[in-house]
Amino acid sequence: MAKKRAPKSSSRGKSTKKPRSFLKKFLIFLFKLSLLGMVIGGIGLIYLDVQVKSKFEGKRWALPAKVYARPLELYPGQVLDRQALKDELKGLGYRFVNRADKPGMVEWASSRARVYTRGFSFPDGDESAQRLLLSFSGNQLVSIKDSRGSIVPLSRLEPILIGGIYPRDNEDRDLIRLEQAPQLLLDSLIQIEDRDYYNHFGVSPKGIARAMWVNLKARRFIQGGSTLTQQLIKNFYLTSDRTLARKLMEIPMAVLLDLRYSKDEILEAYLNEVYLGQSGSRAVHGFGLASQYYFAQPINELKLHQVALLAGMVKGPSYFDPRRHPERAKARRDLVLKVLQEQGVISMKDRLDAEKRGLGVVKQRSLHKGAYPAYLDLVKRQLREEYPEDVLSSEGLRVFTSLDPMVQANTAAALTKTIGNLKKRFGKPVTALQGGIVVTDPQTGEVLALVGGKNARYQGFNRALDARRPIGSLVKPAVFLAGLEEGYTLASLLDDQPISVPLPGGKSWVPQNFDRQSHGKVPLYLSLAKSYNQSTAQLGMDIGLPKVIDTLERLGISRDPKPYPSLLLGAESMSPFEIATVYQTIAANGFRTPMRAIRLVTDSEGQELSRYPFEVKQVVTAENMHLIQYALQAVTREGTGRYIYTRLPGSINVAGKTGTSNGQRDSWFAGFAGDRMAVVWLGLDDNGKLPFTGSGGALRVWTELMVKERPQSLMAVQPEEIEYHWIEEKTGLISAEQCQGVRQLPFIKGTAPQDYAECAGNQQQESMDWFERWFR
């Protein structure tokens, strides 16, 4: 009987069908998974593409506001210190050469200089680069001629960039266009960082394979094989973390970037993004800023040895920092030069010549940028009254100020020198002596210089703006001006005798003179010149504190002074900048002018946003201002400020007032000439007692500054309602020129004394040459 085999064959059929069914399902699953992966990948690529496009075509960087000093104007007949001009040119990065044949070069001789200017885009128009021949006679600029020999009536150097207002990430950069970059810099970057840049599609398979082999041998991630495009993606979109996840994101983004934009567009972005060093807390990004930071030159002026150094630093800006590690930096630079020569970019002669050159890096502290923290503090405070912080730190505003680098340098030097002299003289008590100075142009109210401490580069406490200290006798011109407005004259006799003013609580205010002596009847002008406290208090109490406060407010004080009798001798605390507003008004002949540090603000394209024009308001009559200026000149000629004329020639008229606070804790001087007004404060931050007064400290700083500045003499225009009379000083009565003990004083018409003094003839006249020079 035959056996049935059907079930067995059926069993075989089932056993072969199952794997086919599983394989089919698996393939379907893989297909679906692939579709899902493609969808997710496509969505991911679309997302990445949107991210790449939005940032690359949008606002790429938060651009800090750039703050510029005043441009140096050059014109025939100008009084110009040749050494100061030389220092300014050095600060701008000009190179002193035998032949100035390119912008940024200077030929310097004993009586002439040939300057090839760079040109600049000013808000009121572009100043073209031009070759100028400057001829000097002593410290006067006699003539300016261009390359054709034609007379140039006026030219401007580009302004010094003194600082910026930076975004929160503290990144700083000066944007450049691709055509501004030297071709040698582009060649160096490509040869060192990405030789196939113009041939690959954003990533380099050869580079990735090479990096994988190195990483496998090292058994850790040490090399990325990144192209310039990938480096840009890493810095611009991602992080610097050496992780596989970051690398996997970097590759598709680099391909997308390469597909969307041209090689030149990507390279230009790379030039502005790459990190190239650190200046304190400020990160230096891009070759435009790096050129200024390391060489104090625009990038288009760099030579082969300089661009090779910058290109070499891309690999490790800290490791190859030329200031901290010059040997490493030179070795890296020379390697770049070697590669350029081997690739035929430069000749062997070019390579050897460049290798012989030093690194050529400027000292960090010699740069003007960052050298004016106190002045920048003032600029920022004034800007924040009008612009929000995010606009100041991200929109690339250009801020043009009135800072004069020459005046600033002289101011800082005067403070440093005088403090040094005082330390030598007084020793330990003044070891921690500090100071603050404000310098303005009395004709415009522009702030020319501001020093916040003995170390002018220190970015800490700004004493010029924030050190509020008792102003001492600096308040007295306001007291005496109020007296003149109330009918007193310069010849009015004040009673310099002890005075006691009752105070609440049964106490009394009993001021004393500095010499602890009383001087009897003294003319008003002499009381101010000698800074007598008792007669000042007598005058102030007679006219009343409200009159004095009103005068101070009209002169420019914005705070409300406390109506205490001690106000008359300067118990009110103010900063040097605040008291400078008072003396600015006095120096400007009674016209109150807001002290301004900013001239103009533009956007990044040069369009004007804000202008700060010259504004004036007359707050004191010309006649009364003439009288108080006369008295303040007496301070410097025969009073507490007479030290000035041991250093300045008698032909220069200046006026001012010394100040010493109660307890001798603050030393002040405020004074002015024809084109300079300066307020100086010296003291200790712990409010300790000083071994000198205003005339022994702050006055010395002011005088040292004016010796350096050589200011114009103070010239007075006599108002029509002013007339001069000879006065006998001891009686205050009308006298005659030939009498003894007389001087000529100005009076508002109708206010001169009516009575005459008795005097004998044939008496010698006191010298009044300074008075005659005042009107000459």
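In this report, we go over the structure that sits alongside the text. Remember, predicted model here, so these are calculated numbers, not experimental data.

1. Looking at helix α22 (residues 698-709)
Between its first and last C-alpha atoms α22 spans 17 Å; for 12 residues at 1.5 Å apiece the expected length is 16 Å, and the two agree. For α22, the buried fraction is high: nine of the 12 residues fall into the buried class. When α22 is considered as a whole, its buried residues turn out to be Ala698, Leu699, Val701, Trp702, Thr703, Glu704, Leu705, Met706 and Glu709. Structurally, α22 contributes buried residues whose contacts are with α14 (405-426), β17 (433-440), β29 (655-660), β30 (666-672) and β31 (677-684). Just downstream of α22, Arg710 is the residue with a positive phi angle, here 50°.

2. Focus on the sheet that holds strand β27 (residues 608-611)
Taking strand neighbours across the sheet as the criterion, the five strands line up as β12-β1-β16-β26-β27 in an open arrangement whose pairing is mixed. Every interior strand has two partners, whereas the edge strands, β12 (161-165) and β27, have only one. When strand polarity is set aside, the average angle formed by the axes of neighbouring strands in this sheet is 20°. Bridging between strand β1 (residues 65-68) and strand β16 (residues 398-401) involves three bridges; their strand directions are parallel. Each bridged residue has a counterpart across the sheet, and for Tyr68 the counterpart in β16 is Phe400. Where helix α12 (residues 373-384) meets the sheet, it contacts β1, β12, β16 and β26 (598-602), and its direction lies at approximately 45° from that of β12.

3. Side note on the pairing of β1
Because side chains alternate across β1, one face comprises the buried residues Ala65 and Val67, and the other comprises Lys66 and Tyr68, equally buried. In the sheet, β1 pairs with β12 via four bridges, with the strands oriented antiparallel. In the sheet register, Tyr68 faces β12, and the bridge partner there is Leu161.

4. Let's talk about the nonpolar core
In this structure, Leu134, Leu157, Leu383, Leu450, Leu490, Ile579 and Ile586 are the most contacted members of the largest nonpolar core, which totals 115 residues. Broken down by element, the residue count for this core peaks at eight residues, all from helix α21 (residues 622-638). Discounting chain neighbours no more than four positions away, the residues touching Leu157 are Pro71, Leu72, Leu74, Leu85, Leu89, Leu92, Tyr94, Val115, Thr117 and Phe122. The next biggest cluster of nonpolar side chains, apart from the first, holds 51 residues, and it includes Ile190, Ala269, Leu310 and Leu337.

5. Quick word on the environment of Glu720
Note that Glu720 resides in the loop between α22 and β32 (722-728). Of the residues examined, Glu720 reaches a relative accessible area of 71% and is grouped as exposed. Spatially, the C-alpha atom of Glu720 lies 8.4 Å from that of Glu623, the residues being 97 residues apart in sequence.

6. Re the sheet that holds strand β15 (residues 282-285)
The three strands are arranged β13-β15-β14 in an open sheet whose pairing can be described as mixed. The open sheet has two edge strands with one neighbour each: β13 (171-172) and β14 (275-279). Judged from the four bridges that link them, β14 and β15 form a sheet pairing that is antiparallel. In the strand pairing of β15, Ser279 is matched with Arg282.

7. Points about the environment of Ile151
With respect to the secondary-structure elements, Ile151 resides in the loop between β10 (140-145) and β11 (155-156). Among the residues examined, Ile151 registers a relative accessible area of 56% and is labelled exposed. With 18 residues separating them along the chain, Ile151 and Leu133 place their C-alpha atoms 9.6 Å apart. Every residue in contact with Ile151, bar those within four places of it in the chain, is listed here: Ile144 and Lys145.

8. Digging into a nonpolar patch on the surface
Together, Phe22, Leu23, Phe26, Leu27, Leu30 and Leu33 make up a nonpolar patch on the protein surface, roughly 580 Å² of accessible area in all. If you trace the backbone, Leu23 turns up in helix α1 (residues 6-57). The exposure class of Leu23 is partly exposed, given its relative accessible area of 48%.

Reading the values: rules and limits
- Residues numbered from 1 in each chain as written.
- Predicted model: local features only at pLDDT ≥ 70, side-chain atom pairs only at ≥ 80, totals over all residues.
- Heavy atoms only, no water.
- Helix = DSSP H or I, 4+ residues; strand = E, 2+ residues; numbered from the N terminus.
- Expected span 1.5 Å × (residues − 1).
- Buried < 20%, exposed > 50% of the residue type's maximum accessible area, 1.4 Å probe, protein only.
- Contact = heavy atoms within 4.5 Å.
- Pairing = 2+ DSSP bridges.
- Axes fitted to C-alpha atoms, helices over the stretch in contact; angles between N-to-C directions.
- Core = buried A, V, L, I, M, F, W, Y, C linked by side-chain atoms within 4.5 Å.
- Patch = residues over 30% accessible without salt bridge, like charges linked within 9 Å, V, L, I, M, F, W, Y side chains within 5 Å.
- Areas by Shrake-Rupley, 256 points an atom, 1.4 Å probe, with all protein chains shown as cover.
- Salt bridge = Lys/Arg side-chain N within 4 Å of Asp/Glu carboxyl O.

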